[in-house]
Amino acid sequence: MNDSPPEETRPASAPATSGFDLNRPTIISLLYLTSFITGVTGIVGVVLAYVWRGESGAEWEASHYAYLIRTFWIGLIGGVVGAILMLVLIGMLVILAVCVLVIVRSVLSLINAQKQQPMPNPDSWLI
């Protein structure tokens, strides 16, 4: 005798999903991360952030736009300061620190965007 319940009474399993949501903040974060390879996608990302910030969307996205716009400006200003400081030989360390900060901020935004949660402190200049 078979002790398992008939198929009609078994609970249905949830449909399998890929688990990756390609929402707008995710797109911007990915553009920032690929800018370390291509160089220009960061500019595309900040333009999209400014454009999409003005459109109505989910409430959690607004904090991501502010956070990602600030991330771009941190990267740009830090890169310029690092380039100037190359004259006194500490510019490379500044550029490296700014690169790490931009990568960490982009990844944090990417993780929170996948969870569809707002950024905890979008006005921060650090992490």
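Before any of the text, the structure's been laid out above.
Conventions adopted
- Residues numbered from 1 in each chain as written.
- Predicted model: local features only at pLDDT ≥ 70, side-chain atom pairs only at ≥ 80, totals over all residues.
- Heavy atoms only, no water.
- Helix = DSSP H or I, 4+ residues; strand = E, 2+ residues; numbered from the N terminus.
- Buried < 20%, exposed > 50% of the residue type's maximum accessible area, 1.4 Å probe, protein only.
- Contact = heavy atoms within 4.5 Å.
- Areas by Shrake-Rupley, 256 points an atom, 1.4 Å probe, with all protein chains shown as cover.
- Phe/Tyr/Trp six-rings, centres within 6.5 Å; stacked < 30°, edge-to-face > 60°.
- Lys NZ or Arg CZ within 6 Å of the ring centre and 35° of its normal.
- Salt bridge = Lys/Arg side-chain N within 4 Å of Asp/Glu carboxyl O.
- Patch = residues over 30% accessible without salt bridge, like charges linked within 9 Å, V, L, I, M, F, W, Y side chains within 5 Å.
- Axes fitted to C-alpha atoms, helices over the stretch in contact; angles between N-to-C directions.
- Parallel < 35°, antiparallel > 145°, perpendicular 65-115°, else oblique.
- Left-handed = near helix turned anticlockwise from the far one by under 90°.
- Core = buried A, V, L, I, M, F, W, Y, C linked by side-chain atoms within 4.5 Å.

(A) Broad picture of the overall build of the chain. The number of helices and strands found in the chain is four helices and zero strands. Each helix and strand of the chain, ordered N terminal to C terminal, gives the series α-α-α-α. The buried share of the chain, taken over its 127 residues, is 31%. Sequence-distant contacts in the chain: of pairs separated by 6 or more residues, those separated by 24 or more amount to 63%. Put simply, the chain shows about 8300 Å² of open surface, and 69% of that area lies on carbon and sulfur atoms.

(B) Quick look at the packing of aromatic side chains. If you walk through the whole model with that rule in mind, you get one aromatic pair. Considering the side-chain rings of Phe-72 and Trp-73, the 5.2 Å spacing of their centres and the 80 degrees angle between planes classify their relative orientation as edge-to-face. Over the ring of Tyr-67 we find Arg-105, and its NZ or CZ is 4.0 Å from the ring centre.

(C) Spatial organisation of the pattern of salt bridges. Tallying each qualifying case throughout the model produces one salt bridge. Residue Glu-55 pairs with Arg-24 through a salt bridge whose shortest N-O separation is 2.8 Å. Placement of the pair is Glu-55 in the loop between helix H2 (41-54) and helix H3 (59-84) and Arg-24 in helix H1 (residues 24-38), with a sequence separation of 31 residues. Classification of Arg-24 by relative accessible area gives partly exposed; the value is 29%.

(D) Spotlight on a nonpolar patch on the surface. A surface patch of nonpolar side chains, amounting to about 760 Å² of accessible area, comprises Tyr-50, Trp-73, Leu-76, Ile-77, Val-80, Val-81, Ile-84 and Trp-125. For the nonpolar patch, the element with the most residues is H3, which contributes six residues. Among the secondary structure elements, Trp-73 is positioned in helix H3.

(E) View of the packing of H1 against helix H4 (residues 91-115). At their nearest, the axes of H1 and H4 sit 9 Å apart, and the two run at 155 degrees to each other. Here H4 runs roughly antiparallel to H1, going by the angle between their axes. The chirality of how H1 crosses H4 is left-handed. Contacts between H1 and H4 involve Pro-25, Thr-26, Ser-29, Leu-30, Tyr-32, Leu-33 and Phe-36 from the first element and Cys-99, Val-102, Ile-103, Ser-106, Val-107, Ser-109, Leu-110, Ala-113 and Gln-114 from the second.

(F) Broad picture of the nonpolar core. Formed by Ile-28, Tyr-32, Val-46, Ala-49, Trp-52, Tyr-65, Leu-68, Ile-69 and Phe-72, the largest nonpolar core amounts to nine residues. Looking at this core, the elements that each hand over two or more residues are H1, H2 and H3. A per-element tally of this core places H3 first, with four residues. The residues contacting Leu-68, other than those within four sequence positions of it, are Pro-25, Ile-28, Ser-29, Tyr-32 and Ser-109.

(G) Examining the environment of Trp-52 more closely. Assignment of secondary structure puts Trp-52 in helix H2. According to the relative accessible area criterion, Trp-52 is buried, its value standing at 14%. C-alpha of Trp-52 to C-alpha of Tyr-65: the two residues are 13 residues apart in sequence and 7.8 Å apart in space.

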